[in-house]
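Geometric and topological summary
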Amino acid sequence: MPANHSTLNQTAAGHAAGQALQHHFADLGQQRDSATLGMWVFLLTELMFFGGMFAAYLVYRVSYPAVFVAASRHMEFWAGTINTVVLLTSSLTMVLGVWAAQTGRRQLLVWFLILTLLFGMAFLGIKAYEYHNHWVQHDVPGDSFQWLGADGRTAPDAREAQIFFSLYFAMTGFHALHMVIGLGLVTFILYQGWKGRYSPEYHTPVENVGLYWHFVDIVWIFLYPLLYLISKRHG
Amino acid sequence: MATSTPVIEKPNYLNADYSVKSWLLTTDHKRIALLYLVAITMFFFVGGFFAMLIRLELLTPAGDLVQADTYNRLFSMHGVVMIFLFLIPSIPAAIGNFVLPMMLGARDLAFPRINLLSWYLLMIGGVMILYSIVTGGFDTGWTFYTPFSTEYSNSNVIVAALGIFVVGFSSILTGLNFIVTTHRMRAPGLTWDRLPLFVWANYATSIIQILGTPVLAITLALVAMERLFNIGIFNPQLGGDPLLFQHLFWFYSHPAVYIMILPSMGVVSEVITCFSRKRVFGYKFVAMASIAIAVLGFLVWAHHMFVAGISAYAALIFSLLSYAVAVPSAIKVFNWTATMYKGSIHLRTPMLYALGFIGLFTMGGMTGLFLASLGIDVHVTDTYFVVAHFHYIMVGGAVMGYMAAIHFWWPKITGRMYSETWGKIAATLIFIGFNLTFFPQFVAGYVGMPRRYHAYAPEFQVLNVLSTAGASILALGYVLPLIYLLWSLRYGAPAGNNPWQATGLEWTTASPPPTYNFDETPVVTSEAYDYPNMPQMPDEEKIGAR
Amino acid sequence: MAEAIVRRKTYVIIWAVLLCLTALTATVSEIELGGWNAPVALAIAGTKALLVALFFMHLRHERSKIVIVWTIAGLFWLLILLLLSMTDYATRGFLNIPGR
């Protein structure tokens, strides 16, 4: 079904939508469907990217169960839990932003995206606080790592404990990197949205940034129990 | 005889704009394909240069040309450059980028700017890898096994690994583009069961690129981090497991070999049908076999680890699965053969390469079954048997398919015909040179010559001399097309729209095509490979206007 | 555009459910369930992920079958990576062959 370009151009947003049609597509529908499929396929590459680390995690957790329990106690339960809530809420504001774009509410779109940004930055702030604490406690793998037993000397399972922390920093580190990229993307659509580039006919970038954001949230949904909730007691 | 043929040039994608900026900032899939073609040709000769040094060293049993340390760098760099900078991009990026959208009746790929980004990522990653080479190289093998690569090697592992990481994203984005284009941009009437098998092959390749490459990316990133920060995920001294690296590495790198072979198989399907003037035998089987290879290819990776220390139980499972993956490849070979049966065979240059592919790929594939058998693998693993096996597939298979593609679509890409005589000479030289190079290696490996050693026992020398002699012929064979193809750009006969009278939408437009490919969106009403209803292929002398 | 527009209330309800599941998983981790702690935690995480995917990522209303097929394929591939690797680690020593 060919897009009816003449009616599209009757509104300012429609005109913008018409301009958004790239030359190699037949109509906006094909363009939108392509972009959406493309984003989903891209997210699958991200799934496999994190999947490699989950595989490493699985192998070592099965190999060193006791050490993983002990090391998990060094995680800050409340930081992790609050961060989980923060990210889930940012997903809510993100999808409400998509709703605002779908229904042509420019002001609300901007506000929801700003909120999403704020929650995302809060997440990273808490993460930075955690990383700092880990550094101070000598949990960071490498030459400064220390894992002491009850007698105050290096415990026999120090090497295995370092594996846990290597995985912790690798997994949360790459997750945080994706959060930073996500903040950049949200800023981009925030700017575009503020300039009125989106409309009910054309708001694909908002949807697709949303997909990315939710995916990064899903990764954290799994990281949280795997890293923070192994142990039965948390301080 | 060879005069510059005056051709009144219609507007096409080549003469649309001559500025450098119009090439470096192009979003035209055809121009991007040419950018890739130039890049991978350069990389091919870099990798070939290392091969030449390897073969020169192996002329004599003593390690007298280079030191052991240097030799380690030579085969490592040969592998990385050939695999990541040549083979993986080759057909999809240099040929598929050009031809796939046209086969679908589309104006471009779904994401033209991402296509350009893919090329830049290849170049950036390639520069990083070349930088790591010229500043001393790396000696870990293209396989980067830990803990040598993470702990003990004193070479440029990090830069090389990160360069491959970047190139991997080039590959991922190409695959993504192909998948979305194939799903969303087919011309009216072009249903899945009417698609050229080249499209099916590239789709299957794209599945692997999407789902496998990211695992390589994270693995190499972890290696780099381990090396930089001395963390121990793969280091036994720090509590890690080197086998975990191998599992993660081969999870990608085995399917990677199918990235390298599937597009060639797609080319063979196109060429065999055209030069037999017949429909393909068993279209659905060949199409499904491509998908089956992509899927099954992910289930066999630990056959690279049979002697590394995996459990015997796992070895059993992977051995069985490795036998299974041979089946769809065999189906394709049988179907191609049946396609040729009672066909009108034209032994032009592309067909010579396609036939060479079938024979050599079959040999390589069958020796793969030898390797899948646990007992035999213990005997021949890490010997030249393995080296010969994968070169039969990669060079006898994939590169032959690539040469077939170049010679088949060259008229479309450039609008010129090359010298058929020289094409046949080069193909013959390549076939002879290839077999002389690599068949002795099967024997050498079977009788005990190990791989990745710069010196060897004197009893293997004859085989090595034969191999190096073959390599010289092979090298000549590869240089020849460079000459006559470039020559054809100026002096070749104009090709016309469809010099081979081939089916496929790309042959319905001008050669070279206009920037927008088609004046109107084509509508497809016939099945694929509708050769019974095509005119005969012109005789060699009559192709093009002389 | 002919896409379905989900009501805001639905999103808020899903969000509330996600928070409850978070509280649940945190609480359950305090209870000693032996070997079942991990599967339960993963099941809860999986449910949360499914909710985000179906509702926030609009998979529930996704008209394109290809997207669904690819998503399932991706999950399946992740399982291949995890499970087939474990065929090695989980069976070391099974066949009583030394060193294997």
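For the structure, check the block above.
Throughout what follows, the structure given in this document is the object of discussion.

What counts, and where the lines are drawn
Throughout this description, residue numbers start from 1 for each chain and increase along the sequence as written. Both sets of labels track the order of writing: A upward for chains, 1 upward for ligands. With pLDDT at 70 or above as the cut-off, local features in this predicted model cover only qualifying residues; side-chain atom pairs require 80 or more to be listed or tallied, and sums for whole chains, interfaces and linings still use all residues. Only runs of H or I of at least four residues qualify as helices and only runs of E of at least two qualify as strands under DSSP, and these elements are numbered from the N terminus. When we talk radius of gyration, it's over C-alpha atoms, and the globule rule is simply 2.2 Å times the number of residues to the 0.38. Once C-beta atoms are placed from the backbone, each residue is buried if 20 or more other C-beta atoms lie within 10 Å of its own, exposed if 12 or fewer, and partly exposed for counts between those two. Residue pairs are scored as contacts if the distance between their C-beta atoms, which are placed from the backbone, is within 7 Å. Charged residues are taken to be Asp, Glu, Lys and Arg, nonpolar residues to be Ala, Val, Leu, Ile, Met, Phe, Trp, Tyr, Cys and Pro, and polar residues to be all remaining types, Gly included. What makes a nonpolar core is a set of buried Ala, Val, Leu, Ile, Met, Phe, Trp, Tyr and Cys residues, with links drawn between C-beta atoms within 7 Å. Note that the domain bounds reflect an automated or database-derived domain assignment. In this description, a line fitted to the C-alpha atoms serves as the axis of each element, helices being fitted only across the stretch in contact, and the angle between N-to-C directions of two axes falls anywhere from 0 to 180 degrees. Throughout this description, any angle smaller than 35 degrees is read as roughly parallel, any larger than 145 degrees as roughly antiparallel, any in the 65 to 115 degree range as roughly perpendicular, and the remainder as oblique. Note: crossing handedness is left-handed where the near helix turns anticlockwise from the far helix by less than a right angle, and right-handed where it turns clockwise.

**Regarding the overall build of chain B**
Per the secondary structure count, chain B includes 16 helices and 0 strands. In terms of overall size, chain B behaves like a compact globule, its C-alpha atoms giving a radius of gyration of 23 Å where 546 residues would be expected to give roughly 24 Å. In terms of overall dimensions, chain B has C-alpha extents of about 65 × 45 × 45 Å along its principal axes. Looking at chain B as a whole, 58% of its 546 residues are labelled buried. For chain B, long-range pairs separated by at least 24 residues make up 86% of all intrachain contacts whose partners lie at least 6 apart in sequence.

**Overview of the overall build of chain A**
In terms of helices and strands, chain A carries 8 helices and 0 strands. Computed over the C-alpha atoms, the radius of gyration of chain A is 22 Å, more than 25% above the 18 Å expected from 2.2 N^0.38 for a compact globule of 235 residues. Along the first, second and third principal axes, the C-alpha atoms of chain A reach 80 × 30 × 30 Å. Across the 235 residues that make up chain A, the buried fraction comes to 50%. Nonlocal contacts in chain A, meaning residues at least 24 apart in sequence, comprise 77% of its contacts between residues at least 6 apart.

**Remarks on unusual backbone geometry**
Residue and element names in this part refer to chain B. In this structure, the amide linkage connecting Thr-146 to the following residue, Pro-147, adopts the cis form with an omega of -5°. Residue Pro-512 follows Ser-511 across a cis peptide bond; omega there is -10°. Its identity is not glycine, yet Lys-342 carries a phi of approximately 60°, on the positive side. Non-glycine residue Gln-501 carries a positive phi angle of around 50°. Considering the arrangement of structural elements, one finds Gln-501 in the segment after helix H16 (461-491). By the C-beta count within 10 Å, which is 16 here, Gln-501 ends up partly exposed.

**Things to note about the interface of chain C and chain A**
Taken residue by residue, the interface counts 34 residues in chain C and 37 residues in chain A. Every element with two or more residues in the side of chain C that touches chain A is listed here: helix H1 (8-28), helix H2 (37-56) and helix H3 (65-89) of chain C. Per element, the largest residue contribution to the side of chain C that touches chain A is 12 residues, and it comes from H3 of chain C. Partitioning the side of chain C that touches chain A into residue classes produces 23 nonpolar, 7 polar and 4 charged.

**Some words on the interface of chain A and chain B**
Counting residues at the interface gives 27 residues for chain A and 32 residues for chain B. Looking at the side of chain A that touches chain B, the elements that each hand over two or more residues are helix H3 (28-63) and helix H7 (158-194) of chain A. Element by element, the count of residues in the side of chain A that touches chain B is highest for H3 of chain A, at 17 residues. A per-class count over the side of chain A that touches chain B returns 13 nonpolar, 10 polar and 4 charged.

**Some details on the nonpolar core**
Among the nonpolar cores identified, the biggest contains 283 residues, and Val-41 and Leu-167 of chain A together with Val-81, Val-268, Val-271, Ala-354 and Ala-404 of chain B are the most heavily contacted of them. Per-domain counts for this core show at least three residues from each of domain 1 (1-63) and domain 2 (64-100) of chain C. Setting aside its immediate chain neighbours within four residues, Val-41 of chain A contacts Leu-176, Ile-179, Val-180 and Ile-210 of chain B together with Trp-70 of chain C.

**Overview of the environment of Val-206 of chain A**
When you line up the elements, Val-206 of chain A lands in helix H8 (residues 204-228). Setting aside chain neighbours within four positions, we find Val-206 of chain A in contact with Gly-97, Val-98, Ala-101, Ile-189, Gly-193 and Tyr-198 of chain A.

**Examining the packing of H1 of chain C against H2 of chain C**
All names here are of chain C. Across the interface, H1 lies against H2 with an axial gap of 10 Å and an inter-helix angle of 170°. What the angle tells us is that H1 and H2 run roughly antiparallel. Contact residues: H1 offers Thr-10, Tyr-11, Ile-14, Val-17, Leu-18, Leu-21, Leu-24, Thr-25 and Val-28, while H2 offers Val-40, Ala-41, Ile-44, Ala-45, Thr-47, Lys-48, Leu-51 and Phe-55. In terms of residue class, the contact of H1 with H2 is built from 13 nonpolar, 3 polar and 1 charged.

**Details of the packing of helix H9 (residues 242-276) of chain B against helix H12 (residues 349-372) of chain B**
Residue and element names in this part refer to chain B. Relative orientation of the contacting elements H9 and H12 amounts to 125°, with a least axis distance of 9 Å. Comparing their axes, H12 and H9 come out oblique. H12 is crossed by H9, and the crossing has left-handed handedness. Residues Ser-264, Val-268, Val-271, Ile-272 and Phe-275 of H9 touch H12, and the partners they reach there are Pro-350, Met-351, Ala-354, Phe-357 and Ile-358.

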